[in-house]
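Listed here are the chains, written in short residue letters.
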Amino acid sequence: MTTSHGPRFSRITGTGSCLPPRKLSNADMVAMLAARGIETSDEWIVERTGIRNRYFVADGCNSSDLAATACRHALEAAGLKADAVDLIVVATSTPDMVFPSTASILQNKLGVHGCAAFDVQAVCSGFVYALTVADAMIKAGSARCALVVGAEVFSRILNFDDRTTCVLFGDGAGAVVLQESAVPGILATDLHADGRHVGILCVPGSVAGGQVTGSPLLTMDGPAVFKLAVGVLEDAARAVLKKAERTEADLDWLVPHQANIRIMQSTARKLRLPLDKLISTVDDHGNTSAASVPLALDVAVRQGRIQRGDTVLLEGVGGGFTWGAVLLDF
Ligand code: UT7
């Protein structure tokens, strides 16, 4: 806890995650697309992306439902009850409703009332953005115990007639408890956006006059996103290392956005990190957008790979175009 003399830091004290029960293999996707007259293959998906499975929610299950389960697991890991929480930040691009925020809906599902709760929208960089905001609020003294969540139901916005995107994404949620601490914790953060690239990854629809105007489905120029991603992820990694006065050699783990194993491995190689220090869940989860980083983090923590005191680099990249990194001592 912070003393009146010491500096205030934030530190992750618990992680949790949630995947919906319906698991679809690449073979399931091949069959689903074949029924629409569209050809794809397990070989293509694995070779180009590393993805083998993804999870889809059932009708009636929303981002806040996945988030609530992930938060309960994170609170349990931190040894806390929900009433200890005084801030909820949810990163999502697939909110339950246009408004109110998924964070408000989640707060009610957790049975706590009154604390600050809001959503952050930075697509696949959302969790890194949300963690940066929560860290800043804790350091500023505006909060002491935050739930920071990434939660998505991307299956709801996929165009199953577009094989270049629908095989890539899945649903899920991940959460961390971020608490005030006398020792770090979060060492450095670095966020960016470049709105010139709005069109390369977007859901261009909007609501007007009681109707959806434009397409409510995801569209992506995959190669354009790929090219931008490999460059900016290295830049963001180097930026947080410099801010924290650390080097690549200090990194124990890299937990990047889980979109494509080729992008993830390329980042690890540029940082001279052995590939066994790269946390990868993209094979089993697919791309869960804002949920991918906290999901991968929780899996690695529960496997006993990431341990207390390890230095971990989290990285996000996606629509906006947005990107960023968080360097932390776990
Ligand atoms: O989460 C936000 C961040 N998102 C990302 O990081 C995604 C970044 N982009 C990527 O991961 C890759 O660009 C993709 C996986 C989306 C695509 O891989 P690619 O190696 O860039 O392939 P491509 O788009 O250049 O397509 C190569 C070929 C094309 O055929 P032709 O034109 O060469 O005959 C596509 O039509 O692969 C074809 N193709 C497919 N074939 C079988 C595209 N999708 C499929 C498919 N099954 N599902």
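The structure we're discussing is the one just above.
It should be emphasised that the depicted structure is a prediction, and the values quoted were computed from it without experimental measurement.

Undergrad: Now, about the overall build of the protein chain: what can you tell me, with residues and values included?
TA: The helix and strand inventory of the protein chain stands at ten helices and 15 strands. Computed over the C-alpha atoms, the radius of gyration of the protein chain is 19 Å, within 12% of the 20 Å expected from 2.2 N^0.38 for a compact globule of 330 residues. The principal-axis extent of the C-alpha atoms belonging to the protein chain is close to 65 × 45 × 40 Å. Taken as a whole, the protein chain presents about 13,500 Å² of accessible surface, with 53% of it coming from carbon and sulfur. Side chains of the protein chain carry 29 positive and 34 negative charges; the gap between the two charge centres is 2 Å.

Undergrad: Tell me about the site of the ligand, residues and numbers included.
TA: Inspection of the region around the ligand gives 23 residues, with Thr40, Arg48, His257, Asn260 and Asn287 positioned closest. Threonine 40 has a polar side-chain atom sitting 2.7 Å from a nitrogen atom of the ligand. Considering the ligand on its own, with 960 Å² of exposed area, one finds that the protein chains cover 73% of that surface. Listing elements by their share of the shell around the ligand, those giving two or more residues are helix H2 (42-49), helix H6 (163-166), helix H7 (222-243), helix H8 (261-270) and strand E14 (311-318). Among the elements that make up the shell around the ligand, the one with the highest residue count is H7 (four residues). A per-class count over the shell around the ligand returns twelve nonpolar, eight polar and three charged.

Undergrad: Got a sec to walk through the packing of H7 against H8? Specific residues and values, please.
TA: Helix-helix packing: each pair is described by the crossing angle between the helix axes and the interaxial distance. For the pair H7 and H8, the least separation of the axes is 10 Å and the interaxial angle reads 35°. The handedness of the crossing between H7 and H8 comes out as right-handed. Contact with H7, carried on its side by Phe226, Ala229, Val230, Gly231, Leu233, Glu234 and Arg238, involves Arg262, Ile263, Ser266, Thr267 and Lys270 of H8 and no other residues of that element. Within the contact of H7 with H8, the residues separate by chemical class into five nonpolar, three polar and four charged.

Undergrad: Give me the lowdown on the pairing of strand E3 (residues 53-56), citing residues and values where you can.
TA: Side-chain direction in a regular strand flips from residue to residue, so the side chains alternate between the two faces of the sheet. Burial along E3 is two-sided: the face carrying Asn53 and Tyr55 and the face carrying Arg54 and Phe56 are both buried. Summarising the sheet, strand E2 (residues 22-25) and E3 pair through four bridges and their orientation is antiparallel. Looking at the pairing, arginine 22 lines up with phenylalanine 56 of E3.

Undergrad: Before we move on, can you summarise H7 with the specific residues and values?
TA: Residues lying three or four places apart along an α-helix face the same way, a consequence of the helix completing one turn every 3.6 residues. If you check H7, its first and last C-alpha atoms are 31 Å apart, about what 22 residues at 1.5 Å a residue would give, namely 32 Å. For H7, the full list of buried residues reads Val225, Ala229, Val230, Val232, Leu233, Ala236, Ala237, Val240 and Leu241.

Definitions and limits used
- Residues numbered from 1 in each chain as written.
- Predicted model: local features only at pLDDT ≥ 70, side-chain atom pairs only at ≥ 80, totals over all residues.
- Heavy atoms only, no water.
- Helix = DSSP H or I, 4+ residues; strand = E, 2+ residues; numbered from the N terminus.
- Rg over C-alpha atoms; globule rule 2.2 N^0.38 Å.
- Areas by Shrake-Rupley, 256 points an atom, 1.4 Å probe, with all protein chains shown as cover.
- Lys, Arg positive; Asp, Glu negative; His and termini not counted.
- Charge placed at Lys NZ, Arg CZ, Asp CG, Glu CD.
- Near = heavy atom within 4 Å.
- Polar contact = N/O pair within 3.5 Å; in protein donor to acceptor, adjacent residues only side chain to side chain.
- Nonpolar A, V, L, I, M, F, W, Y, C, P; charged D, E, K, R; others polar.
- Axes fitted to C-alpha atoms, helices over the stretch in contact; angles between N-to-C directions.
- Left-handed = near helix turned anticlockwise from the far one by under 90°.
- Contact = heavy atoms within 4.5 Å.
- Buried < 20%, exposed > 50% of the residue type's maximum accessible area, 1.4 Å probe, protein only.
- Pairing = 2+ DSSP bridges.
- Expected span 1.5 Å × (residues − 1).

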